[in-house]
Amino acid sequence: MNIRIGQGYDVHQLVTGRKLIIGGVEIPFEKGLLGHSDADVLLHALTDAILGAAALGDIGQHFPPTDPNIEGISSVKMLEICMQKVNDLGYKIGNIDATIITEKPKMKPYLEKMMQTVSFVCAIEKNQVNLKATTTETLGFVGRQEGIAAQAVVLLTKI
């Protein structure tokens with residue numbers, strides 16, 4: 001069996017006047033994440049992990065932030081496009097493990113819906129997706145609530 005592992009990491013700045021979308025879920029909060037797309041930090045880290053495992057480069061190569069045609073694109077759509085590329089190469093996801101790093105808002109109430117969204121888009125069972133959240137105990141840019149980060153690890157297997 002051909003097994004490949006990829007990891008991804010992403011960070012976006014918190015700003016006023018933007019929706020907060022993480023894991024494909026809109027979260028009520030006074031700030032949102034700044035980016036060329038919807039700035040879904042979790043799905044960006046996940047997409048990078050998937051692309052990395054398939055040796056397909058990174059999210060910036062496929063969705064350059066300088067491309068006006070994709071401004072405001074949904075990160076769910078970006079993940080769908082990358083999943084198609086991976087499937088075309090004959091791979092499927094074995095499992096996903098990801099962490100959202102934020103002081104506020106608390107992610108626990110939204111993790112279940114995020115896992116449902118990720119499993120649906122990736123065409124895998126929900127028990128193949130593990131999402132968790134942590135804080136930085138008020139340290140650094142996350143602790144100062146200047147931004148949110150996420151990291152993801154993905155296992156791909158040959159179909």
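Heads up: the structure comes first, above all this text.
All values reported here derive from a predicted model rather than from experimental measurement.

Draft legend 1. The arrangement of helix H1 (residues 41–53) in detail. Between its terminal C-alpha atoms H1 stretches 18 Å, which fits the 18 Å expected from 13 residues at 1.5 Å a residue. Among the 13 residues in H1, 12 count as buried, and that is most of the element. Along H1, the positions that sit buried rather than exposed are Val41, Leu42, Leu43, His44, Ala45, Leu46, Thr47, Asp48, Ala49, Ile50, Leu51 and Ala53. Ala55 lies just past H1 and shows a positive phi near 60 degrees.

Draft legend 2. Spotlight on the packing of H1 against helix H3 (residues 75–88). One way to put it is that H1 packs onto H3 with a least axis distance of 10 Å and a crossing angle of 10 degrees. As summarised for this structure, H1 and H3 are arranged roughly parallel, according to the angle between their axes. On H3, the residues touching Leu43, His44, Leu46, Thr47, Ile50 and Leu51 of H1 are Ser75, Val76, Met78, Leu79, Cys82, Met83 and Val86. Here the contact of H1 with H3 is built from residues that sort into 10 nonpolar, three polar and no charged.

Draft legend 3. Focus on the packing of H3 against helix H4 (residues 108–122). Between H3 and H4, the least distance of the axes is 9 Å, while the angle of their chain directions is 35 degrees. For the pair H3 and H4, the sense of crossing is right-handed. Listed contacts from H4 to Val76, Leu79, Glu80 and Met83 of H3 are Thr117, Val121 and Cys122. The residue inventory of the contact of H3 with H4, partitioned by class, reads five nonpolar, one polar and one charged.

Draft legend 4. Spatial organisation of a nonpolar patch on the surface. Among the surface-exposed residues, Ile3, Ile5 and Val153 lie close enough to one another that they form a single nonpolar patch of about 290 Å² accessible area. Structurally, the position occupied by Val153 is in strand S7 (residues 147–158).

Draft legend 5. Inspection of H3 at higher detail. An ideal rise of 1.5 Å per residue puts 20 Å on 14 residues; H3 measures up with 20 Å between its terminal C-alpha atoms. Residues of H3 that are buried include every one of Ser75, Val76, Met78, Leu79, Cys82, Met83 and Val86, and no others. An end-on view of H3 places all buried positions within 155 degrees of arc, on one side of the element. Between a side-chain oxygen at the N-terminus of H3 and the backbone nitrogen of Val76 the separation is 3.1 Å; the capping residue is Ser74. The first or second residue beyond H3 is Gly90, which carries a positive phi of 90 degrees.

Draft legend 6. Structural view of the nonpolar core. Residues Ile22, Leu46, Ile50, Ile93, Ile96, Met114 and Cys122 are the most contacted members of the largest nonpolar core, which totals 40 residues. Going through the elements one at a time, strand S2 (20–22), strand S3 (25–27), H1, H3, strand S5 (91–101), H4, strand S6 (129–134) and S7 are the ones with two or more residues in this core. Of the residues forming this core, the biggest block, eight residues, is contributed by H1. Dropping the residues within four chain positions of it, Ile22 is found in contact with Ile27, Leu33, Asp40, Leu42, Ile100, Met107, Met114 and Ile148. By size, the runner-up hydrophobic cluster in this structure holds seven residues, among which are Ile59, Phe63, Met78 and Cys82.

Draft legend 7. Layout of the layout of surface pockets. Taken as a whole, the largest pocket encloses approximately 170 Å³ of empty space. The set of elements that each furnish at least two residues to the lining of the largest pocket consists of strand S1 (3–15) and helix H2 (59–62). A per-class count over the lining of the largest pocket returns seven nonpolar, six polar and one charged.

Analysis parameters
- Residues numbered from 1 in each chain as written.
- Predicted model: local features only at pLDDT ≥ 70, side-chain atom pairs only at ≥ 80, totals over all residues.
- Heavy atoms only, no water.
- Helix = DSSP H or I, 4+ residues; strand = E, 2+ residues; numbered from the N terminus.
- Expected span 1.5 Å × (residues − 1).
- Buried < 20%, exposed > 50% of the residue type's maximum accessible area, 1.4 Å probe, protein only.
- Axes fitted to C-alpha atoms, helices over the stretch in contact; angles between N-to-C directions.
- Parallel < 35°, antiparallel > 145°, perpendicular 65-115°, else oblique.
- Contact = heavy atoms within 4.5 Å.
- Nonpolar A, V, L, I, M, F, W, Y, C, P; charged D, E, K, R; others polar.
- Left-handed = near helix turned anticlockwise from the far one by under 90°.
- Patch = residues over 30% accessible without salt bridge, like charges linked within 9 Å, V, L, I, M, F, W, Y side chains within 5 Å.
- Areas by Shrake-Rupley, 256 points an atom, 1.4 Å probe, with all protein chains shown as cover.
- Salt bridge = Lys/Arg side-chain N within 4 Å of Asp/Glu carboxyl O.
- Arc of directions from axis to C-beta.
- Polar contact = N/O pair within 3.5 Å; in protein donor to acceptor, adjacent residues only side chain to side chain.
- Core = buried A, V, L, I, M, F, W, Y, C linked by side-chain atoms within 4.5 Å.
- 1 Å grid on protein atoms, 1.4 Å probe; cavity = no way out; pocket = protein on both sides within 12 Å on 5 of 7 lines; lining within 4 Å.
- Points joined across faces, edges and corners; volume = space filled by probe spheres on them.

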